[in-house]
Amino acid sequence: MVAKESSSCEPNAKWKENLKRAIHTTKASEDVPPPNVVWNFGTWRRKALYGIITILVIFTTINLSLTLWMMRSMRFSLDGIGDLRIFQGGMHLKGDAAFLNGLRTSKLTSPRKKSIRIESGQNFTVATRDSNGRVINEMNLGDGRFDVSAKEFRITNSKKEVVFLANQKEVVVGAEVLRVTGQGGAVFDGSIQTSLLRSISTKDLRLESLTRTVRVLASQGIRLDSRAGDINANAWNDIKFVSTGGSVRFEGASVMFQQLRTVVPILKSPISSASQTRTHQVFQVCVCSNGKLFLAAADSFCIGDSTVCN
């Protein structure tokens, strides 16, 4: 009996001894100072956030460097960019400028004693709009053409006097002299109104209508002067001079009517008609009832037959 009791007590003693060792080990581990701290990012979310921040810092640095390089290359300053200076009320540009699209401005000028030059690859167009945005005036300089679209086209001199004006109703030339130097002259489909029509001193003045009629009208008077030559009026049919309230006058050292028909004179003396016609140097001018002129001998009667007056 004694031997059995001693054998059963040995496991309990070993279990107690092991428990004490475990408790002692735990206390010893608590008394040991902690080792050096090692950084650890923890979970994958934290690592991803740090990675994105790092990439953003890199891109921001590159962007800032490129911006500073561009500002230095383009010469940015507080006054403008390079040769472009911006001030209150406008801007000033030195040198040439190229506009890829449209240019809208209220005033375009050049510096004093400097010229301004505008070039275009295809055409150059200037347009103005009304308050509703509709184009009311347009100027186009294209391929060998210069077109202006407006209600009225006006050219004035330095004194603001009208030199040329054109609209739908009339064309006004305000210059002192309008000179046409073309070899074909000037062609007018309608009528013209002027107080003086003359040619240059070395050229002739010709008024002609190839298929229609030339009419010269005036409210007071018509005067034809040729200071160094002749005045010729040629027509296929008739030339008419009409004065409704006055008379038609021909004044000159000599007034000549050539190629008028001459009637056979009625002799007052027994001289033969042949010898009478040969000796006559002066004739009398006779008028038919229809206004036709004919000649008769000075010493004969002014009588015309149907062959002369028709």
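Definitions and cut-offs
- Residues numbered from 1 in each chain as written.
- Predicted model: local features only at pLDDT ≥ 70, side-chain atom pairs only at ≥ 80, totals over all residues.
- Heavy atoms only, no water.
- Helix = DSSP H or I, 4+ residues; strand = E, 2+ residues; numbered from the N terminus.
- Buried < 20%, exposed > 50% of the residue type's maximum accessible area, 1.4 Å probe, protein only.
- Contact = heavy atoms within 4.5 Å.
- Areas by Shrake-Rupley, 256 points an atom, 1.4 Å probe, with all protein chains shown as cover.
- Phe/Tyr/Trp six-rings, centres within 6.5 Å; stacked < 30°, edge-to-face > 60°.
- Disulfide = S-S within 2.5 Å.
- Core = buried A, V, L, I, M, F, W, Y, C linked by side-chain atoms within 4.5 Å.
- pLDDT = per-residue confidence, 0-100.
- Pairing = 2+ DSSP bridges.
- Axes fitted to C-alpha atoms, helices over the stretch in contact; angles between N-to-C directions.
- Salt bridge = Lys/Arg side-chain N within 4 Å of Asp/Glu carboxyl O.

**Student:** Mind showing me how you'd approach the overall build of the protein chain here?
**Tutor:** Along its length, the protein chain carries 4 helices and 11 strands. Within the protein chain, buried positions represent 6% of all 310 residues. Contacts in the protein chain between residues far apart in sequence, at least 24 positions, make up 13% of those at least 6 positions apart. For the protein chain, the exposed area adds up to about 30,400 Å²; of that, 54% sits on carbon and sulfur atoms.

**Student:** Would you take a moment to explain the packing of aromatic side chains for this structure?
**Tutor:** Aromatic rings in a pair are described by how distant their centres are and how their planes are angled relative to each other. Applying the stated criterion across every chain, the model contains 1 aromatic pair. Taking the centre distance of 6.3 Å and the plane angle of 65° together, the rings of Phe153 and Phe164 count as edge-to-face. Of this pair, Phe153 sits in strand β7 (residues 152-156) while Phe164 sits in strand β8 (residues 162-167), placing them 11 residues apart in sequence. By relative accessible area, which is 33% here, Phe153 ends up partly exposed.

**Student:** Could you clarify how one ought to interpret the state of the cysteines in this entry?
**Tutor:** Between two cysteines, a covalent bond joining their sulfur atoms is known as a disulfide. All chains considered together, the criterion is met by 2 disulfides. Put simply, Cys288 and Cys309 are joined by a disulfide, and their sulfur atoms are 2.0 Å apart. Across the disulfide from Cys288 to Cys309, rotation about the S-S bond amounts to roughly -75°, and the bridge is consequently left-handed. In this pair, Cys288 is assigned in the loop between β10 (283-287) and β11 (293-297) and Cys309 in helix α4 (residues 306-309), connecting sequence segments 21 residues apart. The class for Cys309 is buried, based on a relative accessible area of 17%. With its disulfide-bonded cysteines labelled consecutively along the sequence, the protein chain is connected as 1-3, 2-4.

**Student:** Sorry, what's going on with the nonpolar core here?
**Tutor:** A general feature of soluble globular proteins is that nonpolar side chains tend to end up buried together. If you look at the biggest cluster of nonpolar residues, it comprises 7 residues: Val263, Cys286, Cys288, Phe294, Ala296, Val308 and Cys309. Broken down by secondary-structure element, the contributors of at least two residues to this core are β11 and α4. Setting aside residues up to four positions removed in sequence, Val263 forms contacts with Phe294, Leu295, Ala296, Ile303, Gly304 and Val308.

**Student:** Could you clarify how one ought to interpret the confidence of the model for the protein chain in this entry?
**Tutor:** Interpreting fine coordinate detail is not advised for predicted regions of low pLDDT. Averaged over every residue, the pLDDT of the protein chain is 77; residues scoring 70 or more account for 83%. Note that residues 1-7 has pLDDT below 50 and, in this model, 0 contacts with residues that lie over four places away or in other chains.

**Student:** Before we go on, may I ask you to explain the sheet that holds strand β9 (residues 171-173) in this structure?
**Tutor:** Sheets are built from strands that pair by backbone hydrogen bonding, the pairs being arranged parallel or antiparallel. Spatially, the 3 strands line up as an open sheet ordered β7-β8-β9, and their pairing is antiparallel. Bordering the open sheet on either side are β7 and β9, each of which pairs with just one other strand. In this sheet, neighbouring strand axes are inclined to one another by 5° on average, regardless of whether the strands run parallel or antiparallel. Examined bridge by bridge, β7 and β8 share 5 bridges and lie antiparallel to one another. Counted as the bridge partner of Glu152 is Asn167 from β8.

**Student:** Would you mind going over the pattern of salt bridges with me for this structure?
**Tutor:** Opposite charge on two side chains permits them to pair, given that their charged atoms come into close proximity. Tallied over the entire structure, the rule returns 5 salt bridges. A salt bridge links Arg145 to Asp147; its shortest N-O distance comes to 3.3 Å. The residue Arg206 makes a salt bridge to Glu208 at a minimum N-O spacing of 3.2 Å. The same class applies to Arg206 as to Glu208, namely exposed.

**Student:** Could you clarify how one ought to interpret the sheet that holds strand β5 (residues 135-141) in this entry?
**Tutor:** One open sheet holds the 3 strands; their spatial order is β4-β5-β6, and the pairing between them is antiparallel. Edge positions in the open sheet fall to β4 (124-129) and β6 (146-149), since each of these has one partner strand only. Across the sheet, the mean angle from the axis of one strand to that of its neighbour is 10°, orientation sign disregarded. Here 4 bridges tie β5 to β6, and the two strands are oriented antiparallel to one another. When the sheet's bridge partners are listed, Leu141 is paired in β6 with Phe146.

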